[in-house]
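Chain residues, written in single-letter form:
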Amino acid sequence: MTDDTSLNLFQQQEANRRRTVILVIGFVLFFAWLGFGGDFIYYLATADAGPETYHHTFPWFGLVMTAIGAGIARYGFATGPNKVLWSTGAREVVDPATDKERQLVNVVEEMAIAAGIPRPRIWIVPDPDPNAFATGLDQGHSHIAVTQGLLDLCSRDELQAVIAHELGHVKNLDVRLMTTLAALVGAVALMHDGMGRLMQGGLRVGGSGGGGGGSRGGKKGGLGQLAIILLVLWVITWILAPLISQFLAMAVSRKREYLADAMGAQFTRNPMALATALQKIESADAPTSSIKRGAAHLCIADPLGRRVNLHEGGLANLFATHPPMAARIARLKGMAYQRLKAEGQFPAT
Amino acid sequence: MGGTVILLIILAAVVLYGVSAYNGLINLKNQTLNAFKQIDVQLKRRHDLIPNLVNAVKGAMDFERQTLEAVIQARNQAVAAGANAAPGAMKQMATAENQLTAALSRFNVVVEQYPQLKATANVGQLQEELTSTENRISFSRQAYNDTATQYNTRQQQFPTNLFAGIAKASPAELWEITDEGERAVPQVDLSMKPKA
């Protein structure tokens, strides 16, 4: 188990770098489709009109939307970690004030040594529910955040196991992909809300010009079949955009949790500590209210406490951001058993 | 003509592979050295911490002078052994450090017997620092052993082993726990919380 993770580390990092690039390109292409698609529909709608009226021949929307998409992607990538931390209301631990905070700083340093990466910056989220997440773009600039609840609830060993899990995400560059995803998902949701309002307003008032004017003008004029199909597709994309990005976030994070669990166990050589920590996190059933939907896939346990995460297969494969806790704990216990067996000592019970 | 081209292509492939194998070995070698330096850093931290800890408890534990002196002595020996730190001199260092670990665990057993001493904020903090330092040492040791094992394996695997000589790669010594007593009790629990 541990050999696999250390051997595959390089491939994991490469895959995560590549996926981040694909994600960003896909994001920009999505915006380009929204823009140029709109242009094309508008062009078809105005092509048959009389010579005096406006002909949409230059793809303004497309160019503007692509530029906006690239801008958002660039901005989201650069400020992703800060945005994620800001959205949870975390505060940085610079000067540890209490014994627990000092312990946290020490534990993070220890695990950074075990993982062989520079020490991440440490944040505390003021929330009584135990949870933790890591964010950042590379190993040198990473952040690790735990909730106050986790600090209060976990023993030193358990805290160490949770931090090791998070550093596993940092080390194989999961954080880069997941943080970028969080920033882009947030941007899409925001864009969707904003544009939806704009379009509704445009249709109701019936004003001319802009994106709203484009689709409205098309309905009135002699619109070809192709244009109608395109229009439907285009509108559907708009409606589905947030859903698609949510699915992406989910699909991307489930497998990673198992891998990070294994890496955490490799760093601490103590899988049972992570198993008991997960049990504690699981039994504290209150949702982590300071962590919103946008950053849910970054956390060690689903902060929203959705029931869909309890199962595997079927619907859960579509909707869940985290594998079922029972399955994770079972795997960790399996690792612990393997270790004991390898050392030639069996548990007394 | 076609034969020479094929031969040249094969030759180029071999050279390219050789270069990447060589670079991989050098990379691992430096990582191993770096990991060793990390142990050294953490050992220094431990050596610096011990006098503080002993001073903090000295007044209250005057009658446990023997234990304290054993710790100080083991610490001084470890400092002396670590003075010429190099992967070659690892046996010596490991022995001295293991003795220090043993002395420290005896010391901790003694401290456990004085709850009022543990309750002192300063001692509590120092104990947390000691726990952390002990963990850092064992984790840096673990990271070193992992890297060194990877390095050693790479050297021995075919066909990388053909380039091991060119890269001046030689098997790195692992940091092993020699003391049987320590193997049985790998870690002293110093957490301030009561055991669950």
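Details of the structure are given in the entry above.
Predicted model, so just to flag it, every value in this text is computed and none were measured. (Residues numbered from 1 in each chain as written. Chains lettered and ligands numbered in written order. Predicted model: local features only at pLDDT ≥ 70, side-chain atom pairs only at ≥ 80, totals over all residues.)

> Explain the overall build of chain B to me, and be specific about the residues and the numbers.
Secondary structure summary: chain B contains seven helices and zero strands in total. Along chain B, from the amino end to the carboxyl end, the secondary structure elements read α-α-α-α-α-α-α. (Helix = DSSP H or I, 4+ residues; strand = E, 2+ residues; numbered from the N terminus.)

> Describe in detail the interface of chain B and chain A, supporting the description with residues and values.
Each partner contributes residues to the interface: chain B has 13 residues there, and chain A has 13 residues. Examining the composition of the side of chain B that touches chain A, we find that nine residues originate from one element, helix α5 (residues 121–156) of chain B, more than from any other. Its residues assigned to classes, the side of chain B that touches chain A shows three nonpolar, six polar and four charged. (Contact = placed C-beta atoms within 7 Å. Nonpolar A, V, L, I, M, F, W, Y, C, P; charged D, E, K, R; others polar.)

> Can you explain the environment of Ala102 of chain B? Please cite residues and give values.
All names here are of chain B. Along the chain, the position of Ala102 falls in helix α3 (residues 90–112). Classification of Ala102 by C-beta neighbours within 10 Å gives partly exposed; the count is 18. For Ala102 and Ala70, which are 32 residues apart along the polypeptide, the C-alpha to C-alpha distance reads 9.8 Å. (Buried ≥ 20, exposed ≤ 12 C-beta atoms within 10 Å, placed from the backbone.)

> Describe the packing of helix α2 (residues 65–82) of chain B against α3 of chain B, naming the residues involved and giving the relevant values.
All names here are of chain B. Contact geometry of α2 with α3 gives a least axis separation of 8 Å together with a crossing angle of 160°. Accordingly, the angle class assigned to the pair α2 and α3 is roughly antiparallel. Crossing of α2 against α3: the hand is left-handed. Note on element contacts: α3 touches α2 through Gln92, Met93, Ala96, Glu97, Gln99, Leu100, Ala103, Leu104, Arg106, Phe107 and Val110, opposite Thr67, Ala70, Val71, Ala74, Arg75, Gln77, Ala78, Ala81 and Gly82. (Axes fitted to C-alpha atoms, helices over the stretch in contact; angles between N-to-C directions. Parallel < 35°, antiparallel > 145°, perpendicular 65-115°, else oblique. Left-handed = near helix turned anticlockwise from the far one by under 90°.)

> Before we move on, can you summarise the packing of helix α4 (residues 99–115) of chain A against helix α6 (residues 156–171) of chain A with the specific residues and values?
Residue and element names in this part refer to chain A. In contact at an axis separation of 9 Å, α4 and α6 are set at 50° when each is read in the N-to-C sense. With respect to each other, α4 and α6 are oriented oblique. As α4 runs across α6, the sense of the crossing is right-handed. Between α4 and α6, the residues in contact are Gln103, Leu104, Val107, Val108, Glu110, Met111, Ala112 and Ala115 and Arg156, Leu159, Gln160, Ile163, Ala164, Leu167 and Lys171, respectively. Broken down by class, the residue content of the contact of α4 with α6 amounts to ten nonpolar, two polar and three charged.

> So what's going on with the pairing of strand β4 (residues 141–147) of chain A? Which residues, and what values?
Residues and elements named next belong to chain A. Burial analysis of β4 places six of its seven residues in the buried class, the great majority of the element. Note that strand β2 (residues 121–125) and β4 share five bridges and pair parallel. Bridge pairing in β4 links Ile124 to Val146. Inspection of the sheet shows strand β3 (residues 132–138) paired to β4 by six bridges, in the antiparallel sense. Paired with Ala134 across the two strands is Ile144, which belongs to β4. A loop of two residues connects β3 with β4, the two strands running antiparallel in sequence. (Pairing = 2+ DSSP bridges.)

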